[in-house]
Amino acid sequence: MKRNSARHLLLLVILFGCLISIILSLSLGSVKIPFDDVITILLGGEGEKSTWTNIVIQFRLPKVITALLAGAALAVSGLQMQTLFQNPLADPYILGISSGASLGVSLVVLATGTTGTLLLAGIGFFGDLSIALAACLGSALVLFLVLFVSRNARNTTTMLLIGLMIGYVTSAIVSVLIYFSLPEKIHTYLSWTFGSFGGVTWSQIRIFVPVILLGLLIAMGLSKSLNALLLGEHYAQSMGLHIKHTRMLTILSSSLLAGITTAFCGPIGFLGIAVPHISRMIFDSNDHKFLIPAVTILGALIAVVSDIIAQLPGHQQVLPINVVTSLIGVPVVLWVLLHRQRGNR
Amino acid sequence: MNTPIILHTHGLTVGYHEKNAAKTTIASGIDLEFHQGTLTCLIGPNGAGKSTLLRTLIGLQRPLAGEIWLHDLPLKSIPTRELSKLISIVLTEPPETDHMTVFDLVSLGRHPYTNWLGKLESYDKEAIFNALDLTHANALASRQVHTLSDGERQKVMIARAIAQEPILMVLDEPTAFLDFPHRIDILHMLKTLVLRKNCAVLLSTHDLELALNTADTILLMDQDGSLSHGAPEDHILSGRYQQAFNPSGKFEFDPLNASFHIPGHQGNHVSIVGDDLLARHWTQHAFERIGWIVDESPSAPHCVYVKNEGNEYTWELSGCERNKQNFSSIAQLIAFCKNI
C-alpha cells in the first residue's frame, strides 16, 4: 500500500512537471514572452504586446497541444506493442505504420506530376493537409495489409515478421521514388521525415484530439487483457482471454494513436520505445491499469520538454524534433538502464 | 472409484491437422476419467505425445475425433471465459516477468472473475491469500517475481493456478527445472490441494520415481501412443511400465525397485554375502553399475563378503585362485574389480 502511494505521488510530480513545461514552452522560443503575460493570454486577456497574443494562441498553443497529444499517443502505442509482442524492442512503428505513412507522403511529394507540385508549392496549408492525408491513407493501407495477411497468423512473432517485411517493401519503393526525384522534392520529403510538432492548425487539432482520446480510451479498456498477456499467450488464453480479439483491438487502438500522430507530425522516433521502459523502471510496475495513465502523462511531458529544447530558446534556428529525442533521450535511457542494473546487484 | 468424475473422454483421437488437410494421429480411441480428489501423473517417453494430449484436454488444440466432457458439458461447447473458471494451467517454463510482485502475479489468476478493469473484490483477495497459504508462499507475496529462485517461481505459478479456482489443474512438466527437494515439495503441495479443494490435478513428468511414489493414478503413454490408466503398482505388475520405457529391451528392469539398469557387458559373475542387508544392497548396486552380474549362488567365480565391525565396513574379495583381499570402501573394491 505504501508502495502504491509513492507511485501516485510520483505521478502527481510528473503531472505538475507537465504544467510547468507547458507554460515554459509557451513562453520560450525565438521571442521570449514573460510568464505572467502567457498566463494572462491563456486566461483570455491580452499580452503586453498584441503580437504576443497572436504568437501564443495561433502558433505556440497548437504546437504544445500537438506535442502533448503526440507524446502521449506514441508512448501508449509503444507500451501496447511491447506487451502484445512481448518484445522490449517493439515500438509504435513495428507493424509498418510509419513506413506506410512515408510511402503515402513520398507518393504525394515525390511522384506527383506538375499539378501536384503546384498544389504543394502553391498553398502551404493545403500542402500540409495533403501530406497529412497521404500519411493517413498510407499507414491505413499498410496496416490493413498487415492485418489481412496475418489474420490467420499462428502467433504474434509471425505478425511481427510480416510487418517488418512490408516495411522493407515500402522503404524500397520510397528509395526508388527518391532516386528519380528532383532535389527540392526530396528536401520536402526529408523535412517531413525529420518530424515536427509545429504546423498543426487549430482545425487539424479538432480532428487530432478526439482520435487520440478514442485511442486512449480503448487502450485503457484493454489494460486488464494486456496484464494477462504479460505471462505469455498460453497463460493468457487459459485465463479466459480471447487472444485474437485482444490482438485486433490492441492493434486498432495502437494504430489510431500512432497513425494520426505520424500523419500530423511525421515519424517521431524514440518516444514510443523509451517512455514505456522509463515508466516501468521509475514506477516499478507492470500493471497496465496504472501504466497506461502513467505513460500518457510521462510521454506528454517528455514530448513537450523535447520541443522546448528543439526551439533552442533565444536562437532563430529550430532543431528537428527527432534530433532532440534521440540525442538527449538515448543517453538518459542508457543511464537509467545501467543505473538500475547496478542497483539490482 | 466412487468420487465424482471431473473430466472424461470418449473415443478421443489427438493429433495435428496439417495444412493439406492430412491428419497426423498421435493417439486414438482414448477413454479416460479424471476423478475429483485425485492426482494423476502422465508419464511416457519423449515424443509419445504427452504435450499434445495435454493441450487437447485443456482445449488449446482441437481433437481429431471423439469427445471431451467436463462434468456434464462437452468441452467444445464451453466459452473460453467459462472454461478458464474450470481449468487452470502451469507450464514448464515460468514466464519472464519484470516489475511484478508475487501478489500481482497470483492475482492474475482472478482474471476470469474480475470486472473489465480487473478490480479485486474482497472474495478475490481471499482466494489469492488462500492460494498463497496452500503453496506456503505467504512470505513471498511482496517479493519481485524476477528475484525468486526457479523453485519458488514455479510454486508461485501454481499459486496463480490455484487462485483461478479450477476444478481441474493441468501442469506440463512443472518440475523439469527443479532439484529433488523442490520436486517433492511441489508434488506434496498438489496432493494436499486435490484433497482440500476437491479438484483434480493432471501433470506430465519425466520423473518416474516421483510419479510412482506420489500419484494416485498414472496415465502411461507408450511410444506408439497407446494409453493405459491405473494405479502405479498395476502398471509395474502388468509389465506395461517396463514396456513403455524399454521397448527394445536395451535396459534391464528391476521390478522390485521399478528401476532400469544398463545391462552388463563383461559377464563377470559375483556373489555377495554378509549379514548387513543395507551394505549388501549397495554393494550389489555398485557391481551392477559396472556391468557385473550378481548371482545368488555362492559358486560364482568371485565372492564378496561384507563385514560390519563396529560401524566400520570391510569388503573381502575371494575366489579365482586368488588370495583374499580386503577393501575399506566400495570405491576401492570396484576400482580393483574393474581390472579383473
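Rules behind the numbers
- Residues numbered from 1 in each chain as written.
- Chains lettered and ligands numbered in written order.
- Predicted model: local features only at pLDDT ≥ 70, side-chain atom pairs only at ≥ 80, totals over all residues.
- Heavy atoms only, no water.
- Domains from an automatic or database assignment.
- Axes fitted to C-alpha atoms, helices over the stretch in contact; angles between N-to-C directions.
- Helix = DSSP H or I, 4+ residues; strand = E, 2+ residues; numbered from the N terminus.
- Left-handed = near helix turned anticlockwise from the far one by under 90°.
- Contact = heavy atoms within 4.5 Å.
- Nonpolar A, V, L, I, M, F, W, Y, C, P; charged D, E, K, R; others polar.
- Phe/Tyr/Trp six-rings, centres within 6.5 Å; stacked < 30°, edge-to-face > 60°.
- Buried < 20%, exposed > 50% of the residue type's maximum accessible area, 1.4 Å probe, protein only.
- Lys NZ or Arg CZ within 6 Å of the ring centre and 35° of its normal.
- pLDDT = per-residue confidence, 0-100.
- Pairing = 2+ DSSP bridges.
- Salt bridge = Lys/Arg side-chain N within 4 Å of Asp/Glu carboxyl O.

Peer 1: Explanation requested: the domain arrangement of chain B in the structure shown.
Peer 2: Note: interface size is frequently given as the accessible area lost on complex formation between the parts. By the assigned domains, chain B splits into domain 1 (1-71 + 167-262), domain 2 (94-165) and domain 3 (269-337). For domain 2 of chain B and domain 3 of chain B, the distance between their C-alpha centres works out to 54 Å.

Peer 1: Hey, could you run me through the packing of helix α4 (residues 97-111) of chain A against helix α12 (residues 243-265) of chain A in this one?
Peer 2: When two helices pack together, their arrangement is given by the angle between the helix axes and by the axis-to-axis distance. Residues and elements named next belong to chain A. The contact between α4 and α12 brings their axes to 10 Å, and the two run at 35°. Considering how the two elements wind past one another, α4 and α12 form a crossing that is right-handed. Here Ile97, Ser98 and Ala101 of α4 come into contact with α12, specifically with Ser254, Ser255, Ala258, Gly259 and Thr262. Across the contact of α4 with α12, the residue classes tally to 3 nonpolar, 5 polar and no charged.

Peer 1: It is not clear to me how the packing of aromatic side chains should be interpreted in this structure. Could you clarify?
Peer 2: The relative placement of two aromatic rings is captured by the distance of their centres and the angle of their planes. In this structure the tally under the stated criterion is 10 aromatic pairs over all chains. Ring geometry for B:Phe287 and B:Trp292: centres 5.2 Å apart, planes at 40°, overall tilted. Each member of the pair, B:Phe287 as well as B:Trp292, is classed as buried. With a centroid separation of 5.9 Å and an interplanar angle of 40°, the aromatic rings of B:Tyr313 and B:Trp315 are classed as tilted. The class for B:Tyr313 is partly exposed, based on a relative accessible area of 30%. Among the aromatic side chains, those forming a connected cluster through ring pairs are B:Tyr241, B:Phe245 and B:Phe253. Residue placement shows A:Lys32 over the ring face of A:Phe35; its charged tip is 5.5 Å from the ring centre. The ring of B:Tyr113 has B:Arg110 sitting right over it, with the charged end atom 4.1 Å from the ring centre.

Peer 1: Would you explain the confidence of the model for chain B in this entry?
Peer 2: When pLDDT is low, close inspection of the predicted coordinates is not appropriate. Averaged over all residues, the pLDDT of chain B equals 88, while 97% of them reach at least 70. Taken together, the chains of this predicted complex give a pTM of 0.85 and an interface ipTM of 0.84.

Peer 1: Teacher, can you tell me more about the sheet that holds strand β7 (residues 87-90) of chain B here?
Peer 2: Two strands in a sheet stick together by hydrogen bonds in their backbones, pointing the same way (parallel) or opposite ways (antiparallel). All names here are of chain B. Ordered by their spatial adjacency, 6 strands build an open sheet running β7-β8-β9-β4-β10-β11, and the pairing between neighbours is mixed. Unpaired on one side and paired on the other, β7 and β11 (227-230) mark the two borders of the sheet. When strand polarity is set aside, the average angle formed by the axes of neighbouring strands in this sheet is 15°. Where strand β8 (residues 168-172) and strand β9 (residues 200-204) come together, 5 bridges link them in parallel fashion. Residue pairing for β9: Met169 is matched across the bridge by Val201. Sitting on the sheet, helix α5 (residues 150-163) touches β7 and β8, and the angle it makes with β7 is about 170°.

Peer 1: What's the story with the pattern of salt bridges in this structure? I'm lost.
Peer 2: Side chains that carry opposite charge are capable of pairing whenever their charged atoms lie near each other. Residues and elements named next belong to chain B. Using the criterion set out here, one finds 12 salt bridges over all chains in the structure. Salt-bridge contacts for Arg183 lead to Asp207; the nearest nitrogen and oxygen are separated by 2.7 Å. A residue pair is termed long-range when its members are at least 10 positions apart, and Arg183 in helix α6 (residues 180-197) and Asp207 in the loop between β9 and α7 (208-214) qualify at 24 residues. For Arg183, a relative accessible area of 21% gives the class partly exposed. Glu316 serves as the salt-bridge partner of Lys324, at 3.8 Å between the closest nitrogen and oxygen.

Peer 1: Explain the pairing of β9(B) here, please?
Peer 2: Each regular strand displays side chains that alternate between the two surfaces of the sheet. Residue and element names in this part refer to chain B. Burial runs high along β9: 5 of the 5 residues are buried. Residues Ala200, Leu202 and Ser204 line one face of β9 and the alternating positions Val201 and Leu203 line the opposite face, and both faces are buried. With 4 bridges connecting them, strand β4 (residues 39-43) and β9 associate as parallel partners. Residue pairing in the sheet places Thr40 in a bridge with Leu202 of β9.

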